[in-house]
Amino acid sequence: MRAAQVWQDKICERVYDVAFKPDGSQLIVAAGLRVLVYDAADGANIQPLKGHKDTVYCVAYAKDGKRFASGSADKSIIIWTSKLEGILKYTHNDSIQCVSYNPVTHQLASCSSGDFGLWSPEQKSVNKHKVSSKITCCGWTNDGQYLALGMMNGVVSIRNKNGEEKVKIERPGGSSSPIWSIAWNPSKDEHNDILAVADWGQKLSFYQLSGKQIGADRTLNYDPCCVSYFSKGEYIVMGGSDKQVSLYTKDGMRLGTIGEQNSWVWTCRVKPESNCVVLGCQDGTIACYQLTFSTVHGLYKDRYAYRDSMTDVIVQHLITEQKVRIRCRELVKKIAIYRSRLAIQLPERILIYELRSDDSSDMHYHSKEKICQKFECNLLVVCSQHIILCQEKRLQCLSFTSVKEKEWVMESLIRYIKVIGGPPGREGLLVGLKNGAILKIFVDNPFPITLLKLSTSVRCLDMSAYRKKLAVVDEHNTLLVYDINSKELLFQEPNANSVAWNTQCENMLCFSGNGYLNIKASNFPVHQQKMQGFVVGYNGSKIFCLHVYSMSAVEVPQSAPMYQYLEKKHYKEAYQIACLGVTDSDWRDLATEALEGLDFETAKKAFIRIRDLRYLDLISSIEERKKRGENDNELFLADVYAFQGKFHEAAKLYKRTGHESRALSMYTDLRMFEYAKEFVGTTDVKSSRMLMAKQADWAKSSNEPRAAAEMYLSAGEHVKAIDIIGEHGWVDMLIDIARKLDKAEREPLTKCALHLKRLKHHGYASEIYSKMGDLKALLQLHVDSKNWEEALSLVEKHPQFKCDVFVPYAQWLAENDRFEEAQKAFHKAGRQDSAVKVLEQLTHNAVVENRFSDAGYYYWMLSMQCLDIARDYEEQRDEMLTKFKRFQHLAELYHVYHSIQRYTDEPFISDIPETLFNICRFLLNNLTKEMLQGISKVKILYTLAQQSQKLGAYRLARSCYEKLLELHIPSRFQVAIERGSMVIRAKPCHDSEDLTEAMMCYRCSNNNPLLSNQGSMCINCKQPFIYSASSYEVLPLVQFYLEEGISDDEALSLIDLEVPHTDQGKAQEQDMNNSELQTLKINDDLEDEGDHPFTAKISFEQGGSTFVPVKVSRSVLRSMSRRDVLIKRWPAPLKWEYFRSLLPDVSITMCPTCFKMFQSEDYELLVLQHNCCPYCRRPIDEPH
């Protein structure tokens, strides 16, 4: 903000009040006994008005400009016309202190020391109202409904148009802080009427019409004598005992000094609809100041930040038109913006803001740093990690923590500075000096780089997108463009005041000057159009222009520079310009010019823009021909002319290139038979054949298909002939043609095969595809005809086509309810997702249909499918391994529940009571937290109660019956359960000791309850139980883990292949007809192993509230016998699992596929019964 004195006058009397005519042309001054009238423009004294007999204290002009009033110490008010004639006079009982016109009704309020009066032109009398204190100031609201009176006793009284008091505001200071000036905010944007109150308690306050204070009091440090708003209410001016007039925001924030005087300032007013301020002083000085509000702003690409209301910063997105306001509540001195950073300089500090995200449309800024230090600078620049202060000849680089990192001192004044990008912390600056030097400075380099040295001062600078060219506007308004590398002047243009390169096009810039916008592409002439303001940025087709205080994005069609490039046949450059924004007709012109210039790539992209499919087909066909080796540009141009309807030009080019047949074809297609005859008369046999083909076309259109087919064959047009023959189903002719054609003639052969396939003659179609050697088409034929045997036979020889066969084969199998085969086919095709979906559906169906054995098998297959996916796809590994464990668990639960379901639903089963007893306990121990679909807790408890009663576990049976009575029991079990619950009460309330001893933990030797809410683990040492997959008894196995650093191969080499001590009984390992089947069988005469290192290891590490796994070292592994160890050799990415037997008299067998463990006798019996593993159904004779 700058204030310049426009005029000044000095009179002998004290100036008490001034008032502007509403149009701003005249100034009315209350001075001494006179009312002075000045020309507001130049301060000329138009006429002094006499009529008062004592000092004039106040003046006011009506809103309509027809009359004004003056009040004097002689207790009178005089009404004057705009022609400076007095027309009315009335009096009060005391001296007049202030007057004010109603802005709507033009009612005049005149206030004295003891009362106030309301006068209007329509009434003859003046309505007067007494007050309790001297009135010092008054003012009407904008709608003219209320009058505010400021009084000597510190009270503000708000009255309606009839003089009745509606609101009374009592200031804290009372009579010691008299109200000396008030003013209503004239802004129409405010939702409420706002009253500014200045008192001699040296406070400035704001109130709503209701009397509610807005914010806190503002301390002034001087006695205010006058307060006045700008016409739109954005600023306040005040003066008083500080002998100056100051500018404030509408919220009371001081912005600066307008003018200083030698005595108290008694009055100040703002000229309507302008930035002129007039003041009147105690010593008779009348001065007029013109305020200039400079533009404080910053621009980076499409973000523009500018100062608003002197204390706010608005960031505007020039593309989306989004705006965000940052309230600083202090005078904003400088603004800089760069990428995600925004720097705002205030009088005592610099604020650094940052965008919350990298989104190009994000407008949310948050405070990043504060530099609490006062700086005086001409220019401010912000980078990613620094701020740059320009002070005359000096540049200072400061970090965001106010540490000065670099300083550069120039040889001349700095006129222009701009950030040109770079890595964070290493940005480059473009600097222009008054002596004409242009420098490039990197913020991490203390040494400037001189790019150019001009003879005149630099006014504006910009660098092209690829940093190859530099545009300079000098002080003579001349635009100079240089090549940065060679320092060569490329061109210059006059009448420029600013310049900007296009950020998306290296060779295009725009500059403004003399009311014109100039666009220049490469070395072409300048294109001009009218524009106010000056250019600050150029992005694509948008030019950012600053006019006065507003920034706008001007959409500029790039047609002119595009046509300049087209004239020079620079099609690629023209396309780049068109991409910035041109009309559809311009795109079509570009496409046509590029096509005729044989720039097919550019033409194709241009036709895509206007979606012209005809020309796109033409270009595609030409490109295909070029790929096949054709390179005759004249022939291509002839095709283009033919497409454009330039038939004679096309025919000439066809003839020149030796393609008369094309000309003949063109003419015959267009029924230009005269021209066709001319060509036939001067051409060879080939052209005659072409004419014959055209005749065949006529025969076809005349419904003579057989004749047309024969003509096509004679003319060598096999494809057309085949189409006619195939359409009419003449199979013999198709076969005859196919056998005569050479295998290199793929198109007609393919046509024959397709027609034969459509006519269901797959054998002949297969013969043709075999002749062509088209394996893929042959396979597709077999697939479409459902000839799976031939298709699968071909895939075995050519596995690269497995997806083409196995996927449809799997779909066909699924459609025919052969789901297991379909799953395997999907698996072979590599479609793991489809294989999984089939298995999931099979599993769901099995559960719904109560086929729990199948459900368990399908869940096991699902788990292995997930393991395969985890091995092949690392990004899905964690998810698939989680599913693997889940499906393994579900497979075992459904597998064992199958026996429960058979027991409750079938009359005869082979399972013994002990097995059912163990299975029920296993299920209940593993279903403590969830119940699965299809699994009935009633059936499990019922079976367990029955078997417990048979085996002597009466306490457990009683518990089961009690739990059953709490459940909803199916009617078919109701009688049996009620009878059983009564019978069990006659039995002892304890379980058989044999049964409780069977639940001994083989690690800690602790007896466990028959049912546990902790799951299938020891309640003492938390060691998980390992069950036999047949009888579900607890096996005497303990799982152990390898210490870190021991690999599986090393562990195998450390475990002895023989029993460590030779004096122990002989141990033997059996194969069970499978070399990979692990069977553990140790003779009964082995000695006690209590002193074995492994036994000592598990004894030492057991116990506690958490499970402690058994980890073995190399020495323990070395002491083990291979005959004592079972290993689950899981495929990657799973780890191997190791188990050691603790009882020598138990023979254990493990399936090498599903790794389920069985008591060897049970396994042998089950394998003999089913000829496969009872769990995973792997045939016993199938290699693993």
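Residues numbered from 1 in each chain as written. Predicted model: local features only at pLDDT ≥ 70, side-chain atom pairs only at ≥ 80, totals over all residues. Heavy atoms only, no water.

### A few points about the overall build of the chain
Scanning the chain from terminus to terminus reveals 31 helices and 63 strands. Looking at the chain as a whole, 51% of its 1184 residues are labelled buried. In the chain, of all internal contacts separated by at least 6 residues, the share reaching a separation of at least 24 is 45%. Carbon and sulfur atoms form 46% of the exposed surface of the chain, whose accessible area is close to 55700 Å². (Helix = DSSP H or I, 4+ residues; strand = E, 2+ residues; numbered from the N terminus. Buried < 20%, exposed > 50% of the residue type's maximum accessible area, 1.4 Å probe, protein only. Contact = heavy atoms within 4.5 Å. Areas by Shrake-Rupley, 256 points an atom, 1.4 Å probe, with all protein chains shown as cover.)

### A short note on the nonpolar core
Of all hydrophobic cores here, the largest spans 90 residues; its most connected members are Trp-860, Tyr-894, Leu-923, Ile-940 and Met-1157. The greatest single-element share of this core, amounting to 13 residues, is contributed by helix 21 (residues 852-872). In contact with Tyr-894, other than residues within four places in its own chain, are Val-847, Phe-852, Ser-853, Ala-855, Gly-856, Tyr-859, Leu-932, Gln-933 and Ile-935. Residues Val-313, Ile-335, Leu-389 and Leu-439 belong to the second largest nonpolar core, which totals 50 residues. (Core = buried A, V, L, I, M, F, W, Y, C linked by side-chain atoms within 4.5 Å.)

### Focus on the sheet that holds strand 44 (residues 449-453)
Spatially, the 4 strands line up as an open sheet ordered 41-42-43-44, and their pairing is antiparallel. Strands at the two margins of the open sheet, each flanked by one partner only, are strand 41 (414-419) and strand 44. On average, each strand axis in the sheet is inclined to that of its neighbour by 20 degrees, with strand direction left out of account. Sheet analysis places strand 43 (residues 437-442) next to strand 44, joined by 4 bridges and oriented antiparallel. From the neighbouring strand, Ala-437 faces strand 44, where its bridge partner is Lys-453. (Pairing = 2+ DSSP bridges. Axes fitted to C-alpha atoms, helices over the stretch in contact; angles between N-to-C directions.)

### Observations regarding the pattern of salt bridges
The tally for this structure, following the rule as stated, stands at 38 salt bridges. Glu-330 is the partner of Arg-349 in a salt bridge, and the nearest nitrogen-oxygen pair spans 2.5 Å. In this pair, Arg-349 is assigned in the loop between strand 34 (341-345) and strand 35 (350-355) and Glu-330 in the loop between strand 32 (323-327) and strand 33 (334-338), connecting sequence segments 19 residues apart. Look at Arg-349 and you get partly exposed, because its relative accessible area is 22%. A salt bridge links Glu-634 to Arg-656, with the shortest nitrogen-to-oxygen separation between them at 3.1 Å. Within this pair, whereas Glu-634 is found in helix 6 (residues 633-644), its partner Arg-656 is found in helix 7 (residues 647-656), the two being separated by 22 residues in sequence. Relative accessible area serves as the criterion here: at 32%, Glu-634 is assigned to the partly exposed category. One connected set of salt bridges, linked through shared partners, spans Asp-308, Asp-312, Arg-325 and Arg-327. (Salt bridge = Lys/Arg side-chain N within 4 Å of Asp/Glu carboxyl O.)

### Concerning the packing of helix 3 (residues 584-596) against helix 4 (residues 600-610)
Running from N to C, helix 3 and helix 4 point in directions that differ by 155 degrees, and their axes come no closer than 8 Å. Judged by the inter-axis angle, helix 3 sits roughly antiparallel to helix 4. Of the two possible hands of crossing, helix 3 and helix 4 adopt the one that is left-handed. Residues Asp-584, Trp-587, Arg-588, Leu-590, Ala-591, Thr-592, Ala-594 and Leu-595 of helix 3 lie in contact with helix 4, whose contacting residues are Phe-600, Thr-602, Ala-603, Ala-606, Phe-607, Arg-609 and Ile-610. Residue classes in the contact of helix 3 with helix 4 are distributed as 10 nonpolar, 2 polar and 3 charged. (Parallel < 35°, antiparallel > 145°, perpendicular 65-115°, else oblique. Left-handed = near helix turned anticlockwise from the far one by under 90°. Nonpolar A, V, L, I, M, F, W, Y, C, P; charged D, E, K, R; others polar.)

### Details of the packing of helix 6 against helix 7
For the pair helix 6 and helix 7, the least separation of the axes is 8 Å and the interaxial angle reads 160 degrees. The angle between helix 6 and helix 7 falls in the class roughly antiparallel. The two elements helix 6 and helix 7 meet at a crossing, and its hand is left-handed. On the side of helix 6, the interface is formed by Glu-634, Leu-635, Leu-637, Ala-638, Asp-639, Tyr-641 and Ala-642, while helix 7 contributes Phe-647, Glu-649, Ala-650, Leu-653, Tyr-654 and Arg-656. Counted by class, the contact of helix 6 with helix 7 contains 9 nonpolar, no polar and 4 charged residues.

### Section: the side chain of Asn-1008
With respect to the helices and strands, the residue Asn-1008 is situated in the loop between helix 27 (993-997) and strand 56 (1037-1042). Here Asn-1008 falls in the buried class, since its relative accessible area comes to 5%. At a separation of 3.1 Å, a polar atom in the side chain of Asn-1008 contacts the main-chain carbonyl oxygen of Asn-1006. Here the side chain of Asn-1008 touches Ile-1019 through a polar contact of 2.8 Å, landing on its backbone nitrogen. With residues near it in sequence (within four places) discarded, Asn-1008 still touches Thr-996, Met-999, Met-1000, Cys-1001, Met-1017, Cys-1018, Ile-1019 and Phe-1025. (Polar contact = N/O pair within 3.5 Å; in protein donor to acceptor, adjacent residues only side chain to side chain.)

### Notes on unusual backbone geometry
Along the chain, Ala-1132 connects to Pro-1133 via a cis peptide bond; the corresponding omega equals 10 degrees. Note that Pro-1133 resides in the loop between strand 60 (1125-1128) and strand 61 (1137-1141). With phi around 65 degrees, Asn-850 is a residue other than glycine that occupies positive phi space. The residue Asn-850 is located in the loop between helix 20 (832-848) and helix 21 in this model. Residue classification places Asn-850 among the partly exposed residues on the basis of a relative accessible area of 38%. Its identity as a non-glycine residue notwithstanding, Asn-1171 has a phi of 60 degrees, on the positive side. Position of Asn-1171 among the secondary structure elements: in the segment after helix 31 (1160-1170). Residue classification places Asn-1171 among the partly exposed residues on the basis of a relative accessible area of 46%.

### Topic: the environment of Lys-434
Within the secondary structure layout, Lys-434 lies in the loop between strand 42 (428-433) and strand 43. Put simply, Lys-434 and Leu-413 are 21 residues apart on the chain and 5.3 Å apart in space, counted from C-alpha to C-alpha. Those residues in contact with Lys-434 that sit more than four places away from it in its chain are Ser-412, Leu-413, Arg-415, Thr-456, Ser-457 and Val-458.

### Some remarks on the sheet that holds strand 54 (residues 542-547)
Sheet architecture is open: 3 strands sit in the order 53-54-55, paired in antiparallel fashion. Pairing within the sheet leaves two strands with one partner each, and these edge strands are strand 53 (534-539) and strand 55 (550-555). Taken pair by pair, the neighbouring strands of this sheet meet at an average axis angle of 25 degrees, ignoring direction.

### Section: the confidence of the model for the chain
Mean pLDDT over the chain: 84, with 85% of residues reaching 70 or higher. Here residues 1081-1090 is modelled with pLDDT under 50, and outside its nearest four sequence neighbours on either side it reaches 23 contacts, counting other chains as well. (pLDDT = per-residue confidence, 0-100.)

### As for the side chain of Asp-312
Here Asp-312 shows up in strand 31 (residues 312-317). Within polar-contact distance, the side chain of Asp-312 engages the side chain of Thr-311 at 3.4 Å. Polar side-chain contacts of Asp-312 include one of 3.3 Å to the side chain of Arg-327. Setting aside residues up to four positions removed in sequence, Asp-312 forms contacts with Tyr-306, Arg-307, Arg-325, Ile-326, Arg-327, Cys-328 and Val-332.

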